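Residues per chain, in single letters:
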Amino acid sequence: MTASASTRVGFIGLGNMGSGMTRNLQKAGFPLIVHDIRRESAAELLANGAAWADTPAQVAAESDVVITMLPTPRHVDMVVNGDNGILSGIADGGTWIDMSTSVPDVAAAVRARHAHRGLRILDAPVSGMSVGAANGTLQIFVGGDADDLARVRPVLEAMGDPERILHVGAAGTGYAVKLMINQLWFSHLVATAEVLAVGVKAGVDLEVLRQSLMASPANSNFLENDVLSILDHGDYDEGFAIALACKDLGLSIDLARSVGVPTELSALVEQIYRRAKAQYGDTAGEMTPVKLYEDLAGIPLRRATNS
């Protein structure tokens, strides 16, 4: 069955990302059944017609498509396999889409143990941060069967940019692509923070330095766009906690280890992130390593025209 406006969508995980994603599903007209460890996080959705489920099993039993958006692989495993988990309620042939930043192991184990049930399982992690989740402009990287993706595409299009919903390969490849994107983005952040802090400390005007870098082969989307939240507003993106960034970096390093590829630079970036987490706390924003370099250099990185 191809998803349509009558498709009942179950959604588990109403945090910074899931809250925006579910609001957009609701705006698109999909009947929603939701669950979270905090019922209060569903208040707005329930007021607008969503149904509450007391357990993941109930979500699965009452939905045509079940989506999980959870912090860690451990949480995914608990919600799927635990008492009153998704597997206790989902019908044979049912569809589960995991949109968490995770690793293939949990979903692969479900496929192996429940192959006889004909479950349709897609890994579909996202990029775009909480702003993209709120605006419905997420980029979505889907691993799994292409026909299964085609059936649920209308659901995904309610949450993401239709032109940037990409089928990236077989089961597990969505997880891998997302981890590699995160790893490179975090590496861009650390490298940019170092370069800007050193250059400004050496006497170069911040915006002159940034414009020079943008005019060079060293340019990046991070330098052009993402860093501006810090340079203009001192916003280190607390919508995504540095503790979760460290979790993602750890998963990336674990993936590299599992496929036998040395990743010395990525391991160093992870350690810099963990240092920033230790210094500023688990709930500091994911871009807080920039503040680490600001403090080490003794200068805030702010554009003079916006100070």
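Residues numbered from 1 in each chain as written. Predicted model: local features only at pLDDT ≥ 70, side-chain atom pairs only at ≥ 80, totals over all residues. Heavy atoms only, no water.

Caption draft 1: Spatial organisation of the packing of helix α14 (residues 264-280) against helix α15 (residues 289-297). Interaxial distance between α14 and α15 falls to 9 Å at its minimum, and their mutual angle equals 75°. Viewed along their axes, α14 and α15 adopt a mutual orientation that is roughly perpendicular. For the pair formed by α14 and α15, the contact residues are I272, Y273, R275, A276, Q279 and Y280 on the first element and P289, K291, L292, Y293, D295 and L296 on the second. Partitioning the contact of α14 with α15 into residue classes produces eight nonpolar, one polar and three charged. (Axes fitted to C-alpha atoms, helices over the stretch in contact; angles between N-to-C directions. Helix = DSSP H or I, 4+ residues; strand = E, 2+ residues; numbered from the N terminus. Parallel < 35°, antiparallel > 145°, perpendicular 65-115°, else oblique. Contact = heavy atoms within 4.5 Å. Nonpolar A, V, L, I, M, F, W, Y, C, P; charged D, E, K, R; others polar.)

Caption draft 2: Highlighting the pairing of strand β5 (residues 95-98). Side chains T95 and I97 project from β5 onto one buried face, and the interleaved W96 and D98 project onto a second face that is buried too. Relative to β5, strand β4 (residues 65-68) runs parallel, the two being bridged by four bridges. Counted as the bridge partner of I67 is I97 from β5. Inspection of the sheet shows β5 paired to strand β6 (residues 120-123) by four bridges, in the parallel sense. Counted as the bridge partner of D98 is D123 from β6. Handedness of the crossover joining β5 and β6 through helix α6 (residues 105-113) is recorded here as right-handed. (Buried < 20%, exposed > 50% of the residue type's maximum accessible area, 1.4 Å probe, protein only. Pairing = 2+ DSSP bridges. Right-handed = clockwise from strand over helix to strand, strands pointing away.)

Caption draft 3: Looking closely at helix α13 (residues 242-259). Taking 1.5 Å of rise per residue, 18 residues should cover 26 Å, and α13 covers 26 Å from first to last C-alpha, within 8% of that figure. Listed in full, the buried residues belonging to α13 are I242, A245, C246, K247, D248, L249, G250, L251, S252, I253, L255 and A256. Looking at the buried residues of α13, the elements they touch are α4 (73-81), α9 (173-201), α14 and α15. Positive backbone phi, approximately 75°, marks G260, located one or two places after α13. (Expected span 1.5 Å × (residues − 1).)

Caption draft 4: Quick peek at the packing of aromatic side chains. This model, assessed by the stated rule, comprises three aromatic pairs. On the basis of an interplanar angle of 75° and a centroid distance of 5.7 Å, the ring pair of W185 and F186 is categorised as edge-to-face. Exposure class is identical for W185 and F186. Each is buried. Taken together, W185, F186, F222 and Y273 form an aromatic cluster joined through their ring pairs. (Phe/Tyr/Trp six-rings, centres within 6.5 Å; stacked < 30°, edge-to-face > 60°.)

Caption draft 5: Main features of unusual backbone geometry. Here N84, not a glycine, exhibits a phi torsion of approximately 60°, which is positive. Take N84: it is sitting in the loop between α4 and α5 (86-89). Take N84: its relative accessible area is 45%, and that puts it in the partly exposed class. One non-glycine residue, D237, lies in positive phi territory at about 60°.

Caption draft 6: Region of interest: the environment of S220. One can find S220 in the loop between α10 (206-214) and α11 (221-226). For the pair S220 and Q183, spaced 37 residues apart in sequence, the C-alpha separation works out to 15 Å.

Caption draft 7: Focus on the side chain of H114. The topology assignment puts H114 in the loop between α6 and β6. Here H114 falls in the buried class, since its relative accessible area comes to 19%.

Caption draft 8: Highlighting the pattern of salt bridges. Applying the stated criterion across every chain, the model contains 16 salt bridges. A salt bridge links R151 to D148; its shortest N-O distance comes to 2.7 Å. Remark: D148 and R151 occur in helix α8 (residues 146-157); sequence separation between them is three residues, near one turn of the helix. A relative accessible area of 24% places R151 in the partly exposed class. We note a salt bridge from R302 to E294, for which the minimum N-O separation is 2.8 Å. According to the relative accessible area criterion, E294 is buried, its value standing at 4%. One salt-bridge network, held together by shared partners, links E207, R210, D232 and R303. (Salt bridge = Lys/Arg side-chain N within 4 Å of Asp/Glu carboxyl O.)

Caption draft 9: Main features of the packing of α9 against α14. At a minimum axis distance of 10 Å, the contact between α9 and α14 shows a crossing angle of 65°. On the basis of the axis angle, α9 is roughly perpendicular to α14. Considering the relative orientation of α9 and α14, their crossing is left-handed. Each of Q183, W185, F186, S187, L189 and V190 in α9 lies in contact with α14, whose residues at this interface are S266, V269, I272 and Y273. Taken together, the residues of the contact of α9 with α14 sort by class into seven nonpolar, three polar and no charged. (Left-handed = near helix turned anticlockwise from the far one by under 90°.)

Caption draft 10: Structural context of the side chain of T68. Residue position: T68 is located in strand β4. Reaching out from T68, the side chain makes a polar contact with the side chain of W96 at a distance of 2.9 Å. Setting aside residues no more than four positions away along its own chain, T68 makes contact with I12, V79, I86, W96, I97, D98, M99 and S100. (Polar contact = N/O pair within 3.5 Å; in protein donor to acceptor, adjacent residues only side chain to side chain.)

Purely geometric numbers; function is a separate question.
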